[in-house]
Amino acid sequence: MRLQVGHWFSHGRVPYAWLVLSLVAVGVPLVSGDYWLNAILIPFLILSLAGLGLNVLTGYAGQTSLGSGGFMAVGAFATYACLIHFQLSFLLAIFLGGGVAALVGLFFGLPSAKIKGFYLMVTSLAAQFFLEWVFVKFPWFYNYSSSATISSPPITVFGWAIASPLSKYYLVLVLVSFLTWVAVNLTRSQVGRNWMAIRDMDTAAAVIGIRVHRSKILAFAISSFYLGIAGALWVFAYLGSAGVQSFSLQRSFQVLFIIIIGGLGSISGNFIGAAFISLLPLLLDFLAHTFFARMVDAGLLQNLQKVIFGSLIVWFLIKEPEGIARFISHLRGRLAVWPLRF
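The structure displayed is predicted, hence computed values, not measured ones.

Along the backbone of the protein there are 14 helices and four strands. In terms of overall dimensions, the protein is globule-like: its C-alpha atoms have a radius of gyration of 21 Å, near the 20 Å expected for 342 residues. Its C-alpha atoms give the protein principal-axis dimensions of roughly 65 × 60 × 40 Å. In the protein, which comprises 342 residues, the share counted as buried stands at 46%. Within the protein, residue pairs in contact and separated by at least 24 positions form 76% of the contacts whose partners lie at least 6 positions apart. Of the roughly 17,600 Å² that the protein leaves accessible, carbon and sulfur atoms contribute 69%. Side chains of the protein carry 20 positive and 8 negative charges; the gap between the two charge centres is 11 Å.

What follows is the structure, given as C-alpha cells:
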C-alpha cells in the first residue's frame, strides 16, 4: 500500500486543511475554558475518531457492525494493561492497545467470508456482548480493582505531563489529526478502492481479481484499531476512569448514529456526525432551561429533549439518507452556480 501524499496536497485542499487545523490548534484553546475542552471538544474529537473507525468498515467496505463499543473496550483495557502490568510508555501502550483491538477485530471478522448483511451484524452484536463479559469476568484486566474499573495513571509523553485539560486536548488533537491523515490516504489507495468495489458488489470485485475475504478482514482489523485508539483516549484523556458500562451497546449505537448522520463513506462526515451528536443535546438543554425551566418538570423536560433529538435524527435520515456531508456538498454545488438553476 502506498500513501498518496501528493493527492492530499493537491487541488488547493492543503491551504484549507492547514487553516482549519491551525484554527483548531491555536484559536480554539484561546477562546475556550476548561469546561469546553473537557466536556465538549475532547469527547467530540474522540467520537469523531471512533466514527472514522466504523466508517472504514461500514461506509467504505460495506460491512455492518454493532460491536464498536466492544472494540473500544478492548483498546482501553489493553492500553491499561500495558501501562500497569508491563510499565510501557503511554504512546507505545496506546498503539499496542489499538493493535490488540485490531487482532480481536480480525478474529471476529473471519465470519465475513461466509455471511454478510443482517447475519454479520448479529455476529458483531455477539462480539459486543462477549467482550463485555470477558472484561467483567477476569479481574486481571482491571488490576483486581474492587470497583471493576480502570483509572488513568499519571501520563507523560516525551517528558510532557498530560494532566491539564489543554494538554489532553492537544494530545487528542495530534493523534486524531494523524490518524485522519492516514485514513484519508488509505481510502484513496488501492486498498480503499478494493473496499469500495466490495461494498458496491463483492461478486464483481472477485471477478476482477480482488481478494474479497482478505480485504474484508483487513477492513475489520483497521476499523478495530481506530476504535481501540478511540476507546483508550475515551478513558485516559476524557473520563479518567471507566468500566465496561462505558463501552456498552449504547456506545456502539452512538458511533453508528455518527456515521449515518454524518455520511457513510465520508471522512468529513465523521466530524459532522460527532458534532451533531455532541452539540445538539447541549443546545436543546440550553433552550429548554432558558425558555421552559420553570414551566415543565425536570424529568419531563429530559424526556422531551430525547424525543426531539430522536425526531431530528429520523428527519435527517428521511430527508438526507446519505448524511449531512452529502447535503453540504450539494449545497456547495448549488451556491457555486447561484442564482442559476441546475
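Having seen the model, we can carry on.
Along the chain, Ser215 turns up in helix H10 (residues 212–239). Once you skip the residues sitting within four places of it in the chain, Ser215 turns out to touch Asn194, Trp195, Ile198 and Ile210.

Our next topic: a nonpolar patch on the surface. A cluster of nonpolar side chains, namely Leu283, Phe286, Leu287, Phe291, Phe292 and Met295, defines an oily patch on the protein surface of about 650 Å² accessible area. Position of Phe286 relative to the elements: it lies in helix H12 (residues 267–291). By relative accessible area, Phe286 is classed as exposed at 53%.

The geometry of helix H7 (residues 165–187) relative to H10 is characterised by a closest axis approach of 11 Å and an angle of 175 degrees between their N-to-C directions. The orientation of H7 relative to H10 falls into the category roughly antiparallel. In contact with Lys168, Val172, Leu175, Leu179, Val182, Ala183 and Leu186 of H7, H10 contributes Ile222, Phe225, Tyr226, Ile229, Leu233, Phe236 and Ala237.

Attention now moves to empty space enclosed by the protein. A full pass over the atoms with the stated rule returns one cavity of 30 Å³ or more. Taken as a whole, the largest cavity holds about 40 Å³ of empty space. Lining the largest cavity, in full, are Phe71, Phe108, Leu120, Thr123, Ser124 and Phe220. Considering each element in turn, the lining of the largest cavity owes the most residues, three residues, to helix H6 (residues 118–137). Of the residues belonging to the lining of the largest cavity, the class tally is four nonpolar, two polar and no charged.

Roughly 720 Å³ of volume is contained in the second largest pocket. In terms of lining, the second largest pocket is formed by 24 residues, of which the most central are Gln250, Gln254, Ile277, Pro281 and Phe309. Mapped by element, the contributors of at least two residues to the lining of the second largest pocket are helix H3 (34–60), H10, helix H11 (249–262), H12 and helix H13 (298–319). Residue composition of the lining of the second largest pocket, grouped by class: 14 nonpolar, eight polar and two charged.

A word on the pattern of salt bridges. Inspection of every chain in the model, using the stated rule, returns four salt bridges. We note a salt bridge from Asp202 to Lys216, for which the minimum N-O separation is 3.9 Å. Here the residue Asp202 occupies a position in helix H9 (residues 202–207), and Lys216 occupies one in helix H10, the gap between them amounting to 14 residues. Taking the relative accessible area as the measure of exposure, Asp202 reaches 17% and is therefore buried. In this structure Lys216 comes out as buried when scored by relative accessible area, which is 5%. In this structure, the salt-bridge partner of Arg326 is Glu322, at a minimum N-O distance of 2.6 Å.

Taking 1.5 Å per residue, 20 residues should reach 28 Å; H6 reaches 29 Å between its end C-alpha atoms and fits that length. Looking at H6, one finds that the buried residues are Leu120, Ser124, Ala127, Gln128, Leu131, Val134 and Phe135. Seen along its axis, H6 keeps its buried residues to an arc of 135 degrees; they face one direction. Exposed and oriented more than 90 degrees from the buried face of H6 are Phe118, Tyr119, Val136 and Lys137.

Leu49, Trp195 and Leu233 are the most contacted members of the largest nonpolar core, which has 83 residues in total. Sorting elements by how many residues they give to this core places H3 first, with 14 residues. Setting aside anything within four residues of it in sequence, one finds Leu49 in contact with Val176, Leu179, Tyr226, Ile229, Ala230 and Leu233.

This brings us to the side chain of Thr58. Along the polypeptide, Thr58 turns up in helix H3. Here Gln63 takes part through its backbone oxygen, which lies 3.0 Å from a polar atom of the side chain of Thr58.

Within this structure, the stated rule accounts for 18 aromatic pairs. Arranged with centres 5.5 Å apart and planes meeting at 80 degrees, the rings of Trp140 and Phe141 form a pair that is edge-to-face. Judged by its relative accessible area of 33%, Trp140 falls in the partly exposed class. One aromatic cluster is present, formed by Phe71, Phe107, Phe108, Phe130, Trp133 and Phe138 through successive ring pairs.

Thresholds applied
All chains use their own residue numbering, which begins from 1 and follows the written sequence. Totals for whole chains, interfaces and linings use all residues, but because this is a predicted model, local features are given only for residues with pLDDT of at least 70 and pairs of side-chain atoms are given and counted only at 80 or more. Values shown for side chains rest on all heavy atoms present in the structure; no hydrogens or waters enter the calculation. Elements are defined by DSSP. Helices are runs of H or I of four residues or more, strands are runs of E of two residues or more, and each kind is numbered from the N terminus. Values of the radius of gyration come from C-alpha atoms, whereas the globule rule sets the reference at 2.2 Å times the count of residues to the power 0.38. Residue burial is assigned from relative accessible area. The probe radius is 1.4 Å, only protein chains are included, and a residue is buried under 20% of its type maximum, exposed over 50%, and partly exposed in between. Contacts between residues were defined by any pair of non-hydrogen atoms, one from each residue, lying within 4.5 Å. In these tables, accessible area is a Shrake-Rupley quantity obtained with a 1.4 Å probe, and a residue counts as shielded only by the protein chains included in the view. By the counting scheme adopted, Arg and Lys are positive, Glu and Asp are negative, and His together with the chain ends is not counted. All charge positions are set by atom: Lys at NZ, Arg at CZ, Asp at CG, Glu at CD. Candidates for patches are residues over 30% relative accessible area with no salt bridge; among them, like charges are joined within 9 Å and nonpolar side chains (Val, Leu, Ile, Met, Phe, Trp, Tyr) within 5 Å. Salt bridges are counted wherever a side-chain nitrogen of Lys or Arg sits within 4 Å of a carboxyl oxygen of Asp or Glu. An axis is simply a line fitted to the C-alpha atoms; with a helix, the fit covers only the stretch in contact. Between two such axes, the angle follows the N-to-C directions and lies from 0 to 180 degrees. Comment on the angle field: the value is read as roughly parallel under 35 degrees, roughly antiparallel over 145, roughly perpendicular from 65 to 115, and oblique elsewhere. For cavity detection a 1 Å grid was placed over the protein atoms alone, and a set of points counts as a cavity when a 1.4 Å probe fits there but cannot get out; an open set counts as a pocket when protein lies on both sides within 12 Å along at least five of seven lines, with lining residues being those that have an atom within 4 Å of a point. Grid points are joined across faces, edges and corners, and a volume is the space filled by probe spheres set on the points. Residue polarity follows a fixed list, in which Ala, Val, Leu, Ile, Met, Phe, Trp, Tyr, Cys and Pro are nonpolar, Asp, Glu, Lys and Arg are charged, and the others, Gly among them, are polar. Working rule for helices: expected span equals 1.5 Å times residues minus one. In this context, the arc is that of the directions from the helix axis out to the C-beta atoms. In these notes, a set of buried Ala, Val, Leu, Ile, Met, Phe, Trp, Tyr and Cys residues joined through side-chain atoms within 4.5 Å is what counts as a nonpolar core. Throughout this description, a polar contact denotes any pair of N or O atoms lying within 3.5 Å of each other; where both atoms belong to protein, one of them has to be capable of donating a hydrogen while the other can accept it, and for residues adjacent in sequence the pair is counted only when both atoms sit in side chains. Side-chain rings of Phe, Tyr and Trp, where Trp is taken by its six-membered ring, are said to pair if the distance between their centres is within 6.5 Å; with planes under 30 degrees apart they count as stacked, over 60 as edge-to-face, and otherwise as tilted.

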